[in-house]
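Here is what each chain is made of, one letter per residue.
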Amino acid sequence: MNPWVLCWALVFGSVLIWSGIDPKDQLTWLLEVSPGIVGGLLLLATYRRFPLTPLLYTLILAHCVILFVGGHYTYAEVPLFDGLFGSERNNYDKLGHFFQGLVPALITREILVRREVVDGGWLVLFVVSVALAFSALYELIEWWVALLSDEAADAFLGTQGYVWDTQSDMFMALIGAVCAVVFLSRWHDVQLSSLADKGPDTTG
């Protein structure tokens, strides 16, 4: 197996195991890490049939690590994120929502480019729109799960009493999506070209 894949799996597995050792709240941990676990399984299932660019794999791993750390401590109590920039709350969740825009935007871009669905300005519009729609859907899922989980609701939502938490979460996701388009598109295109040069099997 590719050493890079082994390294990816080692980091993913190690952080997940650490995260699951005596987390702040077991139910909150399960709710928070589940998307990362599902994502990891999907990558494993599609690795040979539809391999992604190294940039995208790396960012997905970073996003999973953020999820696992947030699950271990809960998003309101992650160390080093209290009072940043004069804030009265722990803003680790904003980092998570930034990546919630950045990573889905790049996933969307990779699929649309490789499937030759849209290009040019339409590509930018689709990428940002899908990322923002994903963020809004996730906020709805958080709401539904919180209603069902009852006592774990506050820890899972991580609002910390901030009335505009949902809107600011989606705004951070929007910033992440825009950053993906503005700062990573050229790098992403180089890796997509390299992937295409390896043959039709790697481009889907």
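Just so it is clear, the model here is predicted, and its values are computed rather than measured.

1. Notes on the layout of surface pockets
Consideration 1: Of the pockets and cavities examined, the largest pocket occupies roughly 910 Å³.
Consideration 2: Along its surface, the largest pocket is lined by 38 residues, and P35, G39, P104, I107 and F134 are the ones closest to its centre.
Consideration 3: Taken as a whole, the second largest pocket holds about 340 Å³ of empty space.
Consideration 4: Looking at the lining of the second largest pocket, the elements that each hand over two or more residues are α1 (3-20) and α2 (26-46).
Consideration 5: Here the lining of the second largest pocket is built from residues that sort into twelve nonpolar, two polar and one charged.

2. A few points about unusual backbone geometry
Consideration 1: Unlike most non-glycine residues, D22 shows phi in positive territory, near 50°.
Consideration 2: On the basis of relative accessibility, which here comes to 69%, the residue D22 falls in the exposed class.
Consideration 3: The phi dihedral of L80 falls on the positive side, at around 75°, and the residue is not glycine.
Consideration 4: Looking at the element boundaries, L80 is found in the loop between α3 (54-73) and α4 (92-114).

3. Things to note about the packing of α2 against α3
Consideration 1: Two elements in contact, α2 and α3, have axes separated by 7 Å at closest approach and are oriented at 160°. On the basis of the axis angle, α2 is roughly antiparallel to α3. You can see that α2 and α3 cross each other, and the crossing is left-handed. Where α2 abuts α3, its residues W29, E32, V33, P35, G36, I37 and L43 lie against Y57, I60, C64, L67, F68, G71 and H72.

Rules and cut-offs
- Residues numbered from 1 in each chain as written.
- Predicted model: local features only at pLDDT ≥ 70, side-chain atom pairs only at ≥ 80, totals over all residues.
- Heavy atoms only, no water.
- 1 Å grid on protein atoms, 1.4 Å probe; cavity = no way out; pocket = protein on both sides within 12 Å on 5 of 7 lines; lining within 4 Å.
- Points joined across faces, edges and corners; volume = space filled by probe spheres on them.
- Helix = DSSP H or I, 4+ residues; strand = E, 2+ residues; numbered from the N terminus.
- Nonpolar A, V, L, I, M, F, W, Y, C, P; charged D, E, K, R; others polar.
- Buried < 20%, exposed > 50% of the residue type's maximum accessible area, 1.4 Å probe, protein only.
- Axes fitted to C-alpha atoms, helices over the stretch in contact; angles between N-to-C directions.
- Parallel < 35°, antiparallel > 145°, perpendicular 65-115°, else oblique.
- Left-handed = near helix turned anticlockwise from the far one by under 90°.
- Contact = heavy atoms within 4.5 Å.

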